[in-house]
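# Close look at the chain arrangement
Okay, here's what each chain looks like letter by letter:
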Amino acid sequence: MNPTKAKLMSAVTDLLKQEGIAGLSARAVADRAGVNQALVFYHFGTLMDLVDQACRAATDEAAASYRAELAEVTSLSELLELGRGLHERERAAGNITVMAQLLAGAQRDKTLAETSRYALGRWNEEIEAAVARALQGSPLEGVVDAPGLSRAISSAFIGLLMYDGVDRPGADSAFASLEQLGALVEVIEDLGPTARLVLRSRLKGRG
């Protein structure tokens, strides 16, 4: 990648983490990157196109970095546990702040709406594969739709992203409740064959 483009993309994500979407401007990004402001438009056309490319690249990198861990998930309880760790790491890296800012900007800007849609879809690809694998052999297999459940998990994650920014203890409490759900899932996964059949039948009857 062109070194100047790389500097601008790094600068825009840094500013999103520290100043938020309201603090973005071509001048601020250029100053952070240590380049002439005109280069923002030369390389990207618009400031929002720069944000789009930078955030897509960052999402791809982050999703790829967790692929190996997600590939080892064999149960829903393990997926919930990994989700908690992922959230903590992404929070520390500032990526949760970036996602929250994208979602806020998406309400007013079509480019940012597309960026947010891409980021959520990219994560959902990784989560859906893990969910499908976790459901194999579970009493929930054939009852719960893996794509639908993965989107539900992604939607919950979005809510926790926004919650985290205004009430971190509340977000922590929500994650604690998810961990309790994980414990319940472990109980379900440990059911014997007969109990599994009964549970699956009851769940299908409510579908």
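A quick note: this is a predicted structure, and the numbers were derived from the prediction, not measured.

The rules behind the values
- Residues numbered from 1 in each chain as written.
- Predicted model: local features only at pLDDT ≥ 70, side-chain atom pairs only at ≥ 80, totals over all residues.
- Heavy atoms only, no water.
- Buried < 20%, exposed > 50% of the residue type's maximum accessible area, 1.4 Å probe, protein only.
- Helix = DSSP H or I, 4+ residues; strand = E, 2+ residues; numbered from the N terminus.
- Arc of directions from axis to C-beta.
- Contact = heavy atoms within 4.5 Å.
- Polar contact = N/O pair within 3.5 Å; in protein donor to acceptor, adjacent residues only side chain to side chain.
- Phe/Tyr/Trp six-rings, centres within 6.5 Å; stacked < 30°, edge-to-face > 60°.
- Expected span 1.5 Å × (residues − 1).
- Salt bridge = Lys/Arg side-chain N within 4 Å of Asp/Glu carboxyl O.
- Core = buried A, V, L, I, M, F, W, Y, C linked by side-chain atoms within 4.5 Å.

### Regarding helix H2 (residues 26-33)
- Among the residues making up H2, those that are buried are Ala 26, Val 29, Ala 30 and Ala 33. For H2, the angular spread of buried residues about the axis comes to 95°, placing them on one side. Away from the buried face of H2 by more than 90 degrees, exposed residues Arg 27 and Asp 31 are located.
- In the core, the buried residues of H2 are packed alongside helix H1 (3-18), helix H3 (38-44) and helix H4 (47-71).
- Phi turns positive one or two residues past the end of H2, at Gly 34, with a value near 75°.

### With respect to the environment of Glu 125
- Looking at where Glu 125 falls in the secondary structure, it is placed in helix H7 (residues 110-135).
- Between the C-alpha atom of Glu 125 and that of Arg 151, which follows or precedes it by 26 residues, the distance is 9.6 Å.

### A short note on the environment of Asn 36
- By the secondary structure assignment, Asn 36 is in the loop between H2 and H3.
- On a C-alpha basis, the gap between Asn 36 and Thr 4 in space is 10.0 Å, while along the polypeptide they are 32 residues apart.
- In this structure the side chain of Asn 36 is engaged in a polar contact, spanning 2.8 Å, whose partner is the backbone nitrogen of Ala 38.

### A closer look at the packing of aromatic side chains
- Evaluation of the coordinates by the stated rule reveals one aromatic pair.
- Relative to Trp 123, the ring of Tyr 66 has its centre 5.8 Å away and its plane inclined at 45°; by these criteria the two rings are tilted. Here Trp 123 lies in helix H7 and Tyr 66 lies in helix H4, a separation of 57 residues in the sequence. Across the pair, exposure class does not vary: Tyr 66 and Trp 123 are buried alike.

### A look at the environment of Gln 53
- With respect to the helices and strands, the residue Gln 53 is situated in helix H4.
- Placed 44 residues apart in sequence, Gln 53 and Met 9 show a C-alpha to C-alpha distance of 7.5 Å.
- Setting aside anything within four residues of it in sequence, one finds Gln 53 in contact with Lys 5, Met 9 and Phe 44.

### Regarding H1
- Its 16 residues give H1 an end-to-end C-alpha distance of 23 Å, which sits within 8% of 22 Å, the value for a rise of 1.5 Å per residue.
- Of the positions making up H1, those classed as buried are Leu 8, Met 9, Ala 11, Val 12, Thr 13, Leu 15 and Leu 16.
- Where H1 is buried, its residues touch H2, H3, H4 and helix H6 (95-106).
- The first or second residue beyond H1 is Gly 20, which carries a positive phi of 80°.

### Some thoughts on the pattern of salt bridges
- Counted under the stated rule, the structure contains seven salt bridges.
- A salt bridge links Arg 56 to Asp 52; the shortest N-O distance between them is 2.8 Å. Placement of both Arg 56 and Asp 52 in helix H4 is noted, with a separation of four residues, approximately one turn of the helix.
- Using a relative accessible area of 26% as the deciding quantity, one classes Arg 56 as partly exposed.
- Of the charged contacts, one joins Glu 114 and Arg 117 as a salt bridge, the two residues approaching to 2.4 Å between their closest N and O atoms. Here the residue Glu 114 and the residue Arg 117 both occupy positions in helix H7, the gap between them amounting to three residues, near one helical turn.
- Within the structure, one salt-bridge network assembled from shared partners comprises Asp 60, Arg 67, Arg 122, Glu 125 and Glu 126.

### Examining the nonpolar core
- With 24 residues, the main nonpolar core has Leu 8, Val 12, Leu 16, Leu 24, Val 29, Leu 50 and Val 51 as its most contacted residues.
- Of all elements in the fold, only H1, H2, H3, H4 and H6 reach the threshold of two or more residues within this core.
- Excluding anything up to four places from it in sequence, Val 12 contacts Leu 24, Val 29, Leu 50, Val 51 and Ala 54.
- Membership of the second largest hydrophobic core comes to 16 residues, among which are Leu 70, Leu 79, Leu 82 and Trp 123.

These values are about where atoms sit, not about what they do.
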